[in-house]
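# Working through the structure, step by step
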Number of protein chains: 2
Amino acid sequence: MGMETQVLPARLPADLSDGVFPAGCPSRTVLDHITSKWGVLILLSLSEGEQRWSDLRRRAEGISEKMLAQTLKTLERDGLVLRKSQPVIPPRVDYSLTDRGYELSALLIPLVAWAYNNADEILNGER
Amino acid sequence: MGMETQVLPARLPADLSDGVFPAGCPSRTVLDHITSKWGVLILLSLSEGEQRWSDLRRRAEGISEKMLAQTLKTLERDGLVLRKSQPVIPPRVDYSLTDRGYELSALLIPLVAWAYNNADEILNGER
DNA sequence: CCCATATCTTACTAAAAGGTGAGTACCTTA
DNA sequence: TAAGGTACTCACCTTTTAGTAAGATATGGG
């Protein structure tokens with residue numbers, strides 16, 4: 001898992017393509033969670049495999065502990081991230097993606113890769 | 001354009017897969033632009049073809065004029081959206097995606113479709 | 001003369017997001 | 001004895017983001 005390639009639709013589902021999203025639509029909430037600044041970074045980081053709190057802190061460079069905790073909680077509640085804590089001292093907690101989280105990260109990766117590849121041109125105003 | 005399917009990588013580019021993004025990385029800025037709440041909706045709406053200001057206002061339900069203006073400006077500066085204004089009264093301005101914008105929307109569409117399809121399960125806490 | 005139209009801009013305010021620093025618990029190492 | 005590691009939470013404050021409401025514009029129609 002994480003190794004395959006995917007074939008993806010280039011159009012929106014039919015029921016979205018007219019008025020686009022209604023304002024109170026649940027998918028807007030979900031979209032906000034999964035496209036949040038730190039959410040994306042955590043999901044991407046975890047797409048490389050299980051990681052501990054301190055790993056994530058380091059890899060999502062610049063994140064504060066508060067935001068890390070908050071983001072992980074949201075992702076866990078959404079069933080995208082799995083939290084396994086061992087009752088040892090010092091504490092040990094491992095975070096990983098659920099199946100649903102992997103599904104999502106597979107869609108996020110091309111997006112992020114594209115942003116990475118196009119960032120300089122975009123910000124320098126090059127056509 | 002907009003009709004093809006694409007084959008996408010399931011892993012991050014090699015130079016991203018270690019420390020994930022450095023904090024000041026330009027791709028973070030770009031990512032913030034393209035994953036912004038209203039940015040996504042505008043890009044999706046325009047993926048269906050050229051539209052006027054008032055169309056976009058209606059289709060991105062809930063957006064204020066202020067945010068519409070601001071979002072369009074950012075997307076235009078980033079070379080994702082093209083603005084064609086005709087000097088008539090009342091004014092007429094058509095917005096459309098650039099080639100780069102289409103490239104991006106092709107990546108956004110599967111993500112949004114996924115969010116749409118999974119929203120209820122996610123928010124109801126169903127596995 | 002005044003209103004409607006379409007595309008914005010601006011000033012003010014409210015809400016959301018995020019940073020900082022402290023505190024907790026307990027064991028290990030120096 | 002003291003410091004350090006690990007994974008947090010909490011309270012407080014600042015910064016950023018977004019909403020609201022008003023105004024600018026220029027013209028044709030009643």
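The following paragraphs examine the structure supplied in this document. What you are looking at is a predicted structure, and each value in this text was computed from that prediction instead of being measured. (Residues numbered from 1 in each chain as written. Chains lettered and ligands numbered in written order. Predicted model: local features only at pLDDT ≥ 70, side-chain atom pairs only at ≥ 80, totals over all residues. Heavy atoms only, no water.)

### Regarding the environment of A:A119
Residue position: A:A119 is located in helix α5 (residues 99-123). The exposure class of A:A119 is buried, given its relative accessible area of 2%. Ignoring sequence-local partners within four residues, the contact set of A:A119 consists of B:P26, B:S27 and B:V30. (Helix = DSSP H or I, 4+ residues; strand = E, 2+ residues; numbered from the N terminus. Buried < 20%, exposed > 50% of the residue type's maximum accessible area, 1.4 Å probe, protein only. Contact = heavy atoms within 4.5 Å.)

### A closer look at the side chain of A:Q51
Residue placement: A:Q51 occurs in strand β2 (residues 51-52). On the accessibility criterion, A:Q51 (6% relative accessible area) is buried.

### Some remarks on the pairing of strand β3 (residues 81-86) of chain B
A regular strand places its side chains so that they alternate between the two faces of the sheet. All names here are of chain B. Where β3 meets strand β4 (residues 92-97), 6 bridges bridge the pair, whose relative direction is antiparallel. By the bridge assignment, Q86 is partnered in β4 with R92. Adjacent in sequence and paired antiparallel, β3 and β4 are bridged by 5 residues. (Pairing = 2+ DSSP bridges.)

### Topic: the sheet that holds strand β3 (residues 81-86) of chain A
Strand pairing in a sheet relies on backbone hydrogen bonds. The paired strands run either parallel or antiparallel. All names here are of chain A. As summarised here, the arrangement of the 3 strands in space is β2-β4-β3, forming an open sheet in which the pairing is antiparallel. The outermost strands of the open sheet, each flanked by one partner alone, are β2 and β3. The strands that helix α2 (residues 37-46) touches are β2, β3 and β4 (92-97); relative to β4, the one it contacts most, it runs at about 95°. (Axes fitted to C-alpha atoms, helices over the stretch in contact; angles between N-to-C directions.)

### Re unusual backbone geometry
At the junction of A:I89 and A:P90, the peptide bond is cis and its omega measures out at -5° in the coordinates. Within the fold, A:P90 resides in the loop between β3 and β4.

### Points about the nonpolar core
Across soluble globular proteins, nonpolar side chains show a tendency to be buried alongside one another. Core analysis: the biggest nonpolar cluster contains 69 residues, and A:I34, A:I42, B:I34 and B:I42 have the highest contact counts within it. If we skip the residues at most four places from it in the chain, B:I34 touches A:L111, A:W114, A:A115, B:V40, B:L80, B:L104 and B:L108. (Core = buried A, V, L, I, M, F, W, Y, C linked by side-chain atoms within 4.5 Å.)

### With respect to the protein's contact with DNA strand D
For DNA strand D, the set of nearby residues contains 16 residues, the closest of which are A:R52, A:E65, A:R83, A:Y95 and B:K66. Close to the protein, within 4 Å, the atoms of DNA strand D belong to sugar or phosphate groups at a rate of 64%. Between a sugar or linking oxygen of DNA strand D and a main-chain N or O atom of A:P91, the distance comes to 3.1 Å. Within the contact set of DNA strand D, a phosphate oxygen lies 2.6 Å away from a side-chain nitrogen or oxygen of A:Y95. Elements supplying a minimum of two residues to the surface near DNA strand D: α3 (53-59), α4 (65-77) and β4 of chain A together with α4 (65-77) of chain B. Broken down by element, the surface near DNA strand D gets its largest block of residues, 3 residues, from α4(A). Of the residues contributing to the surface near DNA strand D, the split by class is 9 nonpolar, 2 polar and 5 charged. (Near = heavy atom within 4 Å. Polar contact = N/O pair within 3.5 Å; in protein donor to acceptor, adjacent residues only side chain to side chain. Nonpolar A, V, L, I, M, F, W, Y, C, P; charged D, E, K, R; others polar.)

### A word on the pattern of salt bridges
Here the structure, examined in full by the defined rule, presents 10 salt bridges over all chains. With a shortest N-O distance of 2.9 Å, A:E50 and A:K84 are connected by a salt bridge. Of the two residues, A:E50 sits in the loop between α2 and β2 while A:K84 sits in strand β3, which places them 34 residues apart along the sequence. On the basis of relative accessibility, which here comes to 44%, the residue A:E50 falls in the partly exposed class. Given the relative accessible area of 41%, A:K84 is considered partly exposed. For A:E121, the salt bridge identified is with B:R100, shortest N-O distance 2.9 Å. Of the two residues, A:E121 sits in helix α5 while B:R100 sits in helix α5 (residues 99-123), which places them in two different chains. With relative accessibility at 9%, the residue B:R100 sits in the buried group. (Salt bridge = Lys/Arg side-chain N within 4 Å of Asp/Glu carboxyl O.)

### Description of the protein's contact with DNA strand C
Surveying the vicinity of DNA strand C reveals 16 residues, the closest of which are A:K66, A:M67, B:E65, B:R83 and B:Y95. In DNA strand C, the atoms that sit within 4 Å of the protein are 63% sugar and phosphate, with bases accounting for the remainder. Interatomic distance of 2.5 Å between a side-chain N/O atom of A:K66 and a base oxygen of DNA strand C. In this structure, B:K73 approaches DNA strand C through a side-chain N or O atom, which is 3.0 Å from a phosphate oxygen.

### Considering the pairing of β4(B)
All names here are of chain B. With respect to burial, β4 is a largely interior element, 5 of its 6 residues being buried. Sheet topology places strand β2 (residues 51-52) next to β4; 2 bridges connect them, and they run antiparallel. Its bridge partner lying in β4, R52 is registered against D94.

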